[in-house]
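Understanding the architecture of this molecule
Chain residues, written in single-letter form:
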Amino acid sequence: MMQKIKPFLWFDTQAEEAAKFYCSVFKNSKMLDVQRYPEGAPAPAGSVMVASFELEGIPFVALNAGPQLKFTEAISFVVTTESQEETDYYWNKLTADGGQESQCGWLKDKFGLSWQITPRALMDLLSSPDRQKAARVMQSMMTMRKINIAELERAAKG
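This report concerns the structure included in the present document. In every chain, residue numbers begin from 1 and rise along the written sequence. Totals for whole chains, interfaces and linings use every residue, but because this is a predicted model, local features are given only for residues with pLDDT of at least 70 and side-chain atom pairs only at 80 or more, for both listing and counting. Heavy atoms throughout the structure, all of them, feed into the side-chain values; hydrogens and water do not.

**So, the side chain of Ser128**
- Secondary structure follows DSSP: runs of H or I at least 4 residues long count as helices, runs of E at least 2 residues long count as strands, and numbering of each begins at the N terminus. Within the element layout of this structure, Ser128 appears in the loop between helix H3 (120–126) and helix H4 (131–141).
- If we ignore the near neighbours within four places in the chain, the residues touching Ser128 are Lys133 and Ala134. What makes two residues a contact is simply this: any of their non-hydrogen atoms within 4.5 Å.

What follows is the structure, given as structure tokens:
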């Protein structure tokens, strides 16, 4: 069955490189297809037009279409993690080789695509019925770049 909705990412010339990079970061992933521009296209014949890949069961399409459009923080992908080790893994892999750390678990990878590396523990603590506890967790998170679960738990305890 064809996925009804899938992320479609515009790159200048790095679609295949990006697809391979993302497949190297996410363990449950695979390259699906690479299509090349034909003669008479707005790009050199034989160059990569589209790279299709799958991350954690979600199909993605990466298009090489030139430098006109860039990624912004208005769109990001959330990666829910189960431990500090998993949080560190995704944070380190996605900020490597020119990626940029931002605030509150957000980062940009080397292609400029925004990601949120979000431990499940953060969401659990923020949804606590004890609103003062949740507020302390929120204040702690607001001081972080990469999310530190132990610090959040300390803040939750007061």
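**A look at the packing of aromatic side chains**
- Only Phe, Tyr and Trp rings are paired, with Trp represented by its six-membered ring, and only when their centres lie within 6.5 Å; those with planes under 30 degrees apart are stacked, over 60 edge-to-face, the remainder tilted. The full count for this structure, using the stated rule, is 13 aromatic pairs.
- Members of the aromatic cluster, joined through ring pairs, are Phe11, Phe21, Tyr22, Phe26, Phe53, Phe60, Phe71, Phe77, Tyr89, Tyr90, Phe111 and Trp115.
- Criterion for a charge above a ring: Arg CZ or Lys NZ at most 6 Å from the ring centre, at most 35 degrees from the ring normal. Lying across the ring of Tyr89, Lys27 places its NZ or CZ 3.8 Å from the centre.
- Here the basic side chain of Lys110 rests over the ring of Phe21, its NZ or CZ set 4.5 Å away from the ring centre.

**A word on the sheet that holds strand S7 (residues 106–108)**
- Should DSSP find at least two bridges between two strands, the strands are taken to pair. Taken together, the four strands give an open sheet; going across it, the order is S5-S8-S7-S6, and neighbouring strands pair in mixed fashion. Edge strands, defined here as strands with exactly one partner in the open sheet, are strand S5 (76–81) and strand S6 (100–101).
- Direction of pairing for S7 relative to strand S8 (residues 114–119): antiparallel, over a ladder of three bridges. Opposite Trp106, over in S8, you have Gln116 as the bridge partner.
- Interaxial angles span 0 to 180 degrees and are taken between N-to-C directions of axes, which are lines fitted to C-alpha atoms, for helices over the stretch in contact. Packed on one face of the sheet, helix H2 (residues 84–95) meets S5, S6, S7 and S8 and runs near 165° to S8.

**Section: the packing of helix H1 (residues 15–25) against H2**
- Closest axis-to-axis distance for the H1/H2 pair is 10 Å, and the angle between their directions is 160°. Classified by the angle their axes make, H1 and H2 are roughly antiparallel. Judged by the sense of rotation from one axis to the other, the crossing of H1 with H2 is right-handed. Facing Phe21, Ser24 and Val25 of H1, the residues of H2 in contact are Tyr89, Tyr90, Lys93 and Leu94. Angle categories: roughly parallel below 35 degrees, roughly antiparallel above 145, roughly perpendicular from 65 to 115, and oblique for all the rest. In this scheme the crossing of two helices becomes right-handed for a clockwise turn of the near helix relative to the far one and left-handed for an anticlockwise turn of less than a right angle.

**Details of the nonpolar core**
- With 25 residues, the main nonpolar core has Phe11, Tyr22, Phe53, Leu55, Trp115 and Ile117 as its most contacted residues.
- A total of seven residues in this core trace back to one element, the largest contributor, which is H1.
- Beyond its immediate sequence surroundings of up to four residues, Leu55 is in contact with Tyr22, Cys23, Phe26, Asn28, Ser29, Phe60 and Trp115.
- Membership of the second largest hydrophobic core comes to 10 residues, among which are Leu126, Val137, Ile147 and Leu152. The criterion is simple. A nonpolar core is a set of buried Ala, Val, Leu, Ile, Met, Phe, Trp, Tyr and Cys residues joined through side-chain atoms within 4.5 Å. A 1.4 Å probe rolled over the protein chains alone gives each residue an accessible area, and that area as a share of the maximum for its type sets the label: buried under 20%, exposed over 50%, partly exposed in between.

**Regarding the environment of Lys30**
- Turning to its location among the elements, Lys30 is positioned in strand S2 (residues 29–36).
- Sequence separation between Lys30 and Phe71 is 41 residues; the distance between their C-alpha atoms is 23 Å.
- Not counting residues up to four positions away in its chain, the partners in contact with Lys30 are Cys23, Phe53 and Glu54.

**Comments concerning the pattern of salt bridges**
- What counts as a salt bridge is simple: a side-chain nitrogen of Lys or Arg found within 4 Å of a carboxyl oxygen of Asp or Glu. Evaluated as defined, the whole model comprises four salt bridges.
- In this structure, Glu16 engages Lys20 in a salt bridge whose closest nitrogen and oxygen atoms are separated by 3.5 Å. Of this pair, Glu16 and Lys20 both sit in helix H1, four residues apart, roughly one helical turn.
- Taking the relative accessible area as the measure of exposure, Glu16 reaches 21% and is therefore partly exposed.
- Using a relative accessible area of 47% as the deciding quantity, one classes Lys20 as partly exposed.
- With its nearest N and O atoms 2.6 Å apart, the salt bridge here joins Glu82 to Arg120. Of this pair, Glu82 sits in the loop between S5 and H2 while Arg120 is found in helix H3, placing the two residues 38 residues apart along the sequence.
- Assessed through its relative accessible area of 52%, Glu82 is described here as exposed.
- Residue Arg120 is classed as partly exposed on the basis of its relative accessible area, which comes to 41%.

All quantities given are derived from atomic positions and should not be read as evidence of function.
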